[in-house]
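What follows is the residue order along each chain.
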Amino acid sequence: MTKSIVRVIVSTALVAGSVGVAVPARAHAPAQRGELLALTPVSDLTTAQVSGFLKDAGVDSAAVRYGVRGYRVTYRTLTPQGALTTATGLFVLPLDGRHGRVDLVADMHGTMVDRDYAPSVGEDYGRLSPYLHASAGRAVAAPDYLGLGRGPGRHPYMDTASSVSAALDMLRATRTAARELGRPLSGDVYGTGFSQGGQVAMALGKALGQGADAHFRLKALAPVSGPYDLAGQEVPALFDGRVNDTSGVLYMSYWLTAQNRLHPLYRSTGEAFRAPYDRVVDGLLDGSHTEEEILGALPGNVKDLLTPGFYQRLQHPRGALLAAMRDNDHTCDWKPAVPVRLYTATGDTDVPIANTLSCVRQLAAHGKKAPVVDQGAVDHNGAFKKSGPQIVRLFDSVAGTA
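Residues numbered from 1 in each chain as written. Predicted model: local features only at pLDDT ≥ 70, side-chain atom pairs only at ≥ 80, totals over all residues. Heavy atoms only, no water.

A. Up close: helix α2 (residues 47-56). Of the positions making up α2, those classed as buried are Val 50, Ser 51, Phe 53 and Leu 54. Take α2 and look down its axis: the buried residues cluster within an arc of 160 degrees, on one side only. Residues of α2 that are exposed and point more than 90 degrees away from the buried face comprise Ala 48, Lys 55 and Asp 56. A positive backbone phi angle near 85 degrees is found at Gly 58, which sits one or two residues after α2. (Buried < 20%, exposed > 50% of the residue type's maximum accessible area, 1.4 Å probe, protein only. Helix = DSSP H or I, 4+ residues; strand = E, 2+ residues; numbered from the N terminus. Arc of directions from axis to C-beta.)

See below:
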């Protein structure tokens, strides 16, 4: 299928206001990373609807200026082992009436266990930040990550390298999609993300800053409450009370089962998880269960989840276990050439503020001073809700549109 035909089909779908019609990018093209495979309209909101969506979730909607239109982007990327696969993500454009080039926000979502909760599929929490930024006048690329949304397989949770690879390839696919939709990108990229996505945003910024793709110019980074220091802060916080029990059980069960598919952390689930949880934990985290279903089937704290031996190993990690943590602890170990502002909250008992302070120290060691915005005595989601509108204003200021 030629580009001109693609453009006609997409335009027809937009005029009709249709949702859910997949549009092949081009037939018989050689398989390559970042190749756009399909573009599916998934949402169409007026300015008032965007404002209402944000307000209902407790997010300040003062920055909303435009309606938005969202698409599911299906594209080629790589597995953690380097094989070609597919992934999906949400691409959102502002309905601002302009026809010139538009800046792009790379928006990385937080921990999700249910593939249908991912931004390109669920009209839920994962769309708050994309809609917020798009309604302020920028295009938004929000990857679902591998194994979430409509991508195959299981999500390699907290494997930062593959999340960055999938995010980079989505930027490439989005560049093609934007051109086909008649809204070409400027090449300027503003990076943000929340929780797991905060860490991915820092790592993506590092990749872009080091020239991973010449088409994209990093302009600013503003992650929120990322787990930047697993070995030094996040994992120890599971045992000293800084992470609440419910989140600790979800994160640790998700992390261990996902990482064990990439690293030899344990030979059998019974080596790491107590009975009867050893028989169900891997199946619960297959991408088809909700948080409520998973937590309802697991104990109330990490100590009751894990065998005594593995519980001790986590408190004094070494070997493959320590390597799995440290593989993800270098996202702040570089010197950005763009403004960086880190958002967090002292009240966060999912990703304690010490993670952000570790990031600040790593950046400072390279000569980069990164201001910290502490949102105070709010919880993990509260940190995001307060930070999102502030990040829009930061990006406006950097772009000179404030």
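B. The arrangement of the side chain of Ser 387 in detail. Structurally, the position occupied by Ser 387 is in helix α15 (residues 380-399). Judged by its relative accessible area of 0%, Ser 387 is buried. In this structure the side chain of Ser 387 is engaged in a polar contact, spanning 3.0 Å, whose partner is the side chain of Gln 375. Ignoring anything within four residues of it in the chain, the contact list for Ser 387 reads Val 224, Tyr 343 and Gln 375. (Polar contact = N/O pair within 3.5 Å; in protein donor to acceptor, adjacent residues only side chain to side chain. Contact = heavy atoms within 4.5 Å.)

C. Fine view of the layout of surface pockets. Taken as a whole, the largest pocket holds about 460 Å³ of empty space. Residue lining of the largest pocket: 25 residues in total, with Thr 111, Tyr 125, Phe 194, Glu 291 and Asn 381 positioned closest to the centre. Those elements giving two or more residues to the lining of the largest pocket turn out to be β4 (102-108), α3 (128-135), α7 (245-259), α10 (291-297) and α15. Residue contributions to the lining of the largest pocket peak at four residues, all from α7. Residues of the lining of the largest pocket, tallied by class, amount to 10 nonpolar, 11 polar and four charged. (1 Å grid on protein atoms, 1.4 Å probe; cavity = no way out; pocket = protein on both sides within 12 Å on 5 of 7 lines; lining within 4 Å. Points joined across faces, edges and corners; volume = space filled by probe spheres on them. Nonpolar A, V, L, I, M, F, W, Y, C, P; charged D, E, K, R; others polar.)

D. The arrangement of the state of the cysteines in detail. Using the criterion set out here, one finds one disulfide in the structure. Sulfur-sulfur distance for the disulfide between Cys 332 and Cys 359 comes to 2.0 Å. On the S-S bond that ties Cys 332 to Cys 359, the torsion sits near -95 degrees, and the link is left-handed. Separated by 27 residues along the polypeptide, Cys 332 in the loop between α13 (319-326) and β8 (342-344) and Cys 359 in helix α14 (residues 354-365) bring together distant segments of the chain. The two residues Cys 332 and Cys 359 agree in class, both being buried. (Disulfide = S-S within 2.5 Å.)

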